[in-house]
Amino acid sequence: MGPIDYVVVEFPGSRMTGEGFPLLVDLVDRGLIRILDLLFVRKEEDGSVVGMEIADLTGDGLLDLAVFEGASSGLLGQDDIEEAGGALGAGNSAAILVYENLWAAPFATALRRGGAQLVASGRIPVPAVLAALDETDDVRPPGA
């Protein structure tokens with residue numbers, strides 16, 4: 001099994017354009033990831049968090065993510081949903097996505113066979129990477 005990751009993507013004002021959905025489907029079709037859980041939630045004005053059905057999220061009359069309907073491994077619990085909801089602004093919606101990195105499974109298996117163990121893991125936020133790269137550019141001599 002490959003590493004399992006999750007993302008929570010907020011949609012301000014609950015406006016979902018659907019622009020990223022075909023890319024998600026492509027990642028699955030190419031065998032790079034496997035969707036374990038996909039859940040949509042909305043944070044109400046009173047702060048409560050409610051689930052949303054996978055349906056016509058963009059309002060164009062098409063079922064945007066029907067291919068993932070029923071994607072539920074049971075990994076997400078109510079506490080996870082509440083925690084994700086805590087990060088949302090009132091009136092906003094979010095997708096909670098739990099996925100397996102299939103591309104990494106053969107690599108991880110080979111390492112384990114060789115006796116290796118994963119001792120740390122993490123993710124560097126994109127804004128931190130961009131800031132570090134900008135800082136590096138600022139300290140380079142002209143013409144370098």
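One numbering rule holds for all chains: residues counted from 1, following each sequence as written. Only residues with pLDDT of at least 70 are given local features in this predicted model, and only at 80 or more are side-chain atom pairs given and counted; all residues enter the totals for whole chains, interfaces and linings. Side-chain descriptors were evaluated using all non-hydrogen atoms of the structure, hydrogens and water having been removed beforehand.

Note on pairing: two strands pair once DSSP finds at least 2 bridges between them. Starting at the N terminus, helices and strands are each numbered in turn, a helix being any DSSP run of H or I of at least four residues and a strand any DSSP run of E of at least two. Read from one edge to the other, the open sheet built from four strands follows the order β1-β4-β2-β3, with strand pairing classed as antiparallel. Either end of the sheet is taken by a strand with one partner, and the two such strands are β1 (4-11) and β3 (49-52). Adjacent strand axes in the sheet meet at a mean angle of 30°, parallel and antiparallel pairs treated alike. Relative to strand β4 (residues 93-101), strand β2 (residues 33-43) runs antiparallel, the two sharing nine bridges. Note that in β4 the partner of Asp37 across the bridge is Val98. Packed on one face of the sheet, helix α1 (residues 21-29) meets β2 and β4 and runs near 155° to β2. Here, residues are in contact when the closest pair of their heavy atoms is within 4.5 Å. The axes used here are C-alpha line fits, helices contributing only the stretch in contact, and every angle between their N-to-C directions lies in the interval 0 to 180 degrees. Against the sheet, helix α2 (residues 78-86) touches β1, β2, β3 and β4, its axis set at about 60° to β2.

What follows covers the side chain of Ser93. Residue placement: Ser93 occurs in strand β4. Pairs of N or O atoms are called polar contacts if they sit within 3.5 Å, as long as, within protein, a hydrogen donor faces a hydrogen acceptor (for residues adjacent in sequence, only side-chain-to-side-chain pairs). Within the structure, Ser93 has its side chain in polar contact with the side chain of Ser14 (distance 2.5 Å).

The tendency in soluble globular proteins is for nonpolar side chains to be buried side by side. Note on terminology: a nonpolar core comprises buried Ala, Val, Leu, Ile, Met, Phe, Trp, Tyr and Cys residues joined through side-chain atoms within 4.5 Å. With a 1.4 Å probe rolled over the protein chains alone, any residue whose accessible area is under 20% of its type maximum counts as buried; one over 50% counts as exposed, and the rest are partly exposed. Core analysis: the biggest nonpolar cluster contains ten residues, these being Phe11, Met16, Leu24, Ile33, Ile35, Leu38, Phe40, Ala95, Leu97 and Tyr99. Among the elements of the structure, β2 and β4 are those that each provide at least two residues to this core. Looking at this core element by element, the count peaks at four residues for β2. Discounting chain neighbours no more than four positions away, the residues touching Ile33 are Leu24, Leu27, Val28, Tyr99, Glu100, Asn101 and Leu102. Of all hydrophobic cores here, the second largest spans seven residues; its members include Val49, Ala84, Leu88 and Ile96.

With that settled, the discussion passes to a nonpolar patch on the surface. Two joining distances apply to patches: 9 Å for like charges and 5 Å for nonpolar side chains (Val, Leu, Ile, Met, Phe, Trp, Tyr), and every residue must have over 30% relative accessible area and no salt bridge. Under the convention used here, a 1.4 Å probe and the Shrake-Rupley method define accessible areas, while residue burial counts only the protein chains that appear. Here, a salt bridge means any side-chain nitrogen of Lys or Arg that lies within 4 Å of a carboxyl oxygen of Asp or Glu. Together, Ile124, Val126, Val129, Leu130 and Leu133 make up an exposed nonpolar region whose accessible area comes to about 470 Å². One can find Leu130 in helix α4 (residues 126-139).

Residue Ser14 is not a glycine yet carries a positive backbone phi of 60°. Along the chain, Ser14 falls in the loop between β1 and α1. According to the relative accessible area criterion, Ser14 is partly exposed, its value standing at 26%.

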